[in-house]
Amino acid sequence: MADCQQLKAQFATPSGVEEAAHRMADFAMHHKREGRRVVLITSGGTKVPLESRTVRFLDNFSSGRRGATSAEHFLDAGYAVIFLHRHRSLFPFSHRYASLNWLDALQLVPSEGPRQEEELPSGSCLRVEVVPKVVPGLVPLLQHYQLVKEAGTLLPVEFNTLSEYLHLLMAAAQALSPLGNSAMFYLAAAVSDFYIPASEMPEHKIQSSSGPLQITMKMVPKMLSPLVRDWAPQAFIISFKLETDPTIVIDRARQALGTYRHQVVVANILDTLRTHVILITQNSKTDLYLSEEEASCGKEIEEKIVNDLNARHTAFINQN
Ligand code: PMT
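Residues numbered from 1 in each chain as written. Predicted model: local features only at pLDDT ≥ 70, side-chain atom pairs only at ≥ 80, totals over all residues. Heavy atoms only, no water.

Undergrad: How should the packing of aromatic side chains be read in this particular structure?
TA: The way to describe two aromatic rings as a pair is by their centre distance and the angle between their planes. Tallied over the entire structure, the rule returns 9 aromatic pairs. Between Tyr186 and Phe240, the ring centres sit 5.0 Å apart and the planes meet at 80°, which makes this aromatic pair edge-to-face. One end of the pair, Tyr186, is in strand 9 (residues 183-187); the other, Phe240, is in strand 12 (residues 236-243), with 54 residues separating them in the sequence. One exposure class covers both Tyr186 and Phe240, and it is buried. In this structure an aromatic cluster arises from ring pairing among Phe74, Tyr79, Tyr186 and Phe240. The positively charged end of Lys47 is found above the aromatic ring belonging to Phe57, 4.5 Å away from the centroid. (Phe/Tyr/Trp six-rings, centres within 6.5 Å; stacked < 30°, edge-to-face > 60°. Helix = DSSP H or I, 4+ residues; strand = E, 2+ residues; numbered from the N terminus. Buried < 20%, exposed > 50% of the residue type's maximum accessible area, 1.4 Å probe, protein only. Lys NZ or Arg CZ within 6 Å of the ring centre and 35° of its normal.)

Undergrad: Where do I start with the side chain of His85 in this structure?
TA: Locating His85 in the fold gives a position in strand 4 (residues 80-86). For His85, the residues in contact, after removing those within four places along its chain, are Ser43, Phe91, Pro156, Val157, Glu158 and Phe159. (Contact = heavy atoms within 4.5 Å.)

Undergrad: Could you clarify how one ought to interpret the site of the ligand in this entry?
TA: Around the ligand there are 25 residues in total, and Ser62, Ser63, Arg66, Lys241 and Asn268 lie nearest to it. One of the backbone N or O atoms of Ala188 is found 3.0 Å from a nitrogen atom in the ligand. Secondary-structure elements contributing two or more residues to the shell around the ligand are helix 3 (65-76) and strand 12. (Near = heavy atom within 4 Å. Polar contact = N/O pair within 3.5 Å; in protein donor to acceptor, adjacent residues only side chain to side chain.)

Undergrad: What is the right way to read the UniProt feature "domain: DNA/pantothenate metabolism flavoprotein C-terminal" (unreviewed entry) in the chain from this model?
TA: The sites that carry the UniProt feature "domain: DNA/pantothenate metabolism flavoprotein C-terminal" (unreviewed entry) are, in the present numbering, residues 37-85 and 177-286. The span residues 37-85 is 24% helix and 33% strand, and its two end C-alpha atoms sit 20 Å from each other. Within residues 177-286, the helical portion is 18% and the strand portion 29%, while the C-alpha atoms at the span's ends are 29 Å from each other. (UniProt positions renumbered as here; feature names shortened; annotations may be inferred.)

Undergrad: Help me understand the sheet that holds strand 14 (residues 276-281) in this model?
TA: By definition, the strands of a sheet pair up through backbone hydrogen bonds, in either a parallel or an antiparallel sense. Strand order across the open sheet formed by 8 strands is 8-4-1-9-12-13-14-15, with mixed pairing between neighbours. A single partner strand is all that each edge strand has here, and the edge strands are strand 8 (154-159) and strand 15 (284-289). Going from strand to strand, the sheet's axes swing by 15° on average, the running direction of each strand aside. Examined bridge by bridge, strand 1 (residues 38-43) and strand 9 share 5 bridges and lie parallel to one another. For Val38, the partnering residue across the bridge sits in strand 9 and is Ala183. (Pairing = 2+ DSSP bridges. Axes fitted to C-alpha atoms, helices over the stretch in contact; angles between N-to-C directions.)

Have a look at this one:
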C-alpha cells in the first residue's frame with residue numbers, strides 16, 4: 001500500500017505541480033462557497049519514459065474521449081469540473097473537431113471593414129471566415145463553451161508523464177478534501193501499471209546496436225488505495241476497468257470494489273467501449289447501452305453514465 005510519503009520518495013515532484021495545486025485548491029473553495037459539487041475527471045493515457053533524456057516511452061491507446069465527453073455532461077448537470085488530462089488528449093467541446101485540419105475549415109474573403117484585416121503587398125484586404133459545412137454545429141458549441149468559460153466551472157490541468165499524474169492526483173485530492181461528500185472522483189484515465197524508477201533508467205538513448213531490448217519494469221502503486229483510504233475518504237469515488245476479454249471484466253470490477261471499497265466501478269470492454277458500459281456497486285449491476293439510433297442522432301453513452309452517477313451521488317450525499 002502506497003502512502004503519500006512513499007509515493008513522493010518513489011516519484012520526484014515534477015515542476016508545475018505546486019502551481020496547479022494552488023489553482024485546484026482555489027477553484028474547489030470557490031465552488032464550495034457557491035454550493036456546487038465538484039468532480040475531478042482524470043482523462044487520457046500516461047507516458048512512461050524508458051530513458052532519462054527521453055527518446056522512447058511506453059504509452060497506451062486512451063484518446064481521452066471518455067473523459068472529455070463526460071466533462072461536458074457533468075457541466076450540464078451543474079458540477080464544477082477539474083479536468084486532469086493528458087497533454088494533447090481530447091478536450092471538452094473541441095474534441096468534436098479533433099480530426100479536422102483547421103486550414104480546410106477557413107477561407108479568405110475580400111474585406112471592407114477595418115477589423116481583422118491583413119494588408120497584402122498588392123494593397124487588397126482579406127479577412128478569415130469559417131466554412132460552416134466543414135465545421136457543423138460550431139455556433140451552438142461555441143456558445144456552450146463560452147457560457148462555461150464565463151461561469152468559470154471548468155478548470156483544465158495537464159499531465160504528461162506518470163509521475164505528473166500521480167502528484168497531481170494527490171494535489172487534487174487535497175484540494176477537494178474540504179468538500180467532503182460533495183466531491184466526486186471520476187478516474188477514467190488509463191494509468192500505466194509499469195514504470196522504470198529514475199535510478200534504474202539509462203540516461204541516454206538506448207542503442208539498437210546493443211541488440212534486442214530487454215527491460216524489467218516495476219509495478220506502479222495503485223493510487224486508488226490511498227485515495228479511498230486516506231486522501232479522500234468522504235468523497236464519492238468512481239474507478240474504471242477496461243478489459244479486452246468480456247468473460248472476466250465483471251469479476252475484475254467486483255474485485256476492485258472489494259479491494260478498494262469505493263462506490264462504483266465502470267466496467268468497459270475495448271471492442272464495445274462507446275456503446276456499452278456496466279456500472280458495478282457493492283449490491284448492483286447496471287448495464288447502459290447506446291443504440292445505433294441514439295448514436296446516429298449524436299447521443300453519447302457518457303450522458304447516460306453521468307446521469308446515472310449524478311443520481312447515485314445525490315443518494316450518497318443524502319445517506320451520509
Ligand atoms: O480515453 P478513451 O479512448 O475514451 O478510453 C476510455 C478508457 C477505456 C481509457 C476508460 O473508459 C477506462 O476504462 N479507463 C480505465 C482503464 C483501466 O482499465 O485502467 P486499470 O485497470 O489500469 O485501472 C483501473 C483503475 O485503477 C482506473 O480507474 C485507474 O484510475 C486506477 N489506477 C490505475 C493504475 C494505478 N497505478 N493506480 C490507479 O489507481
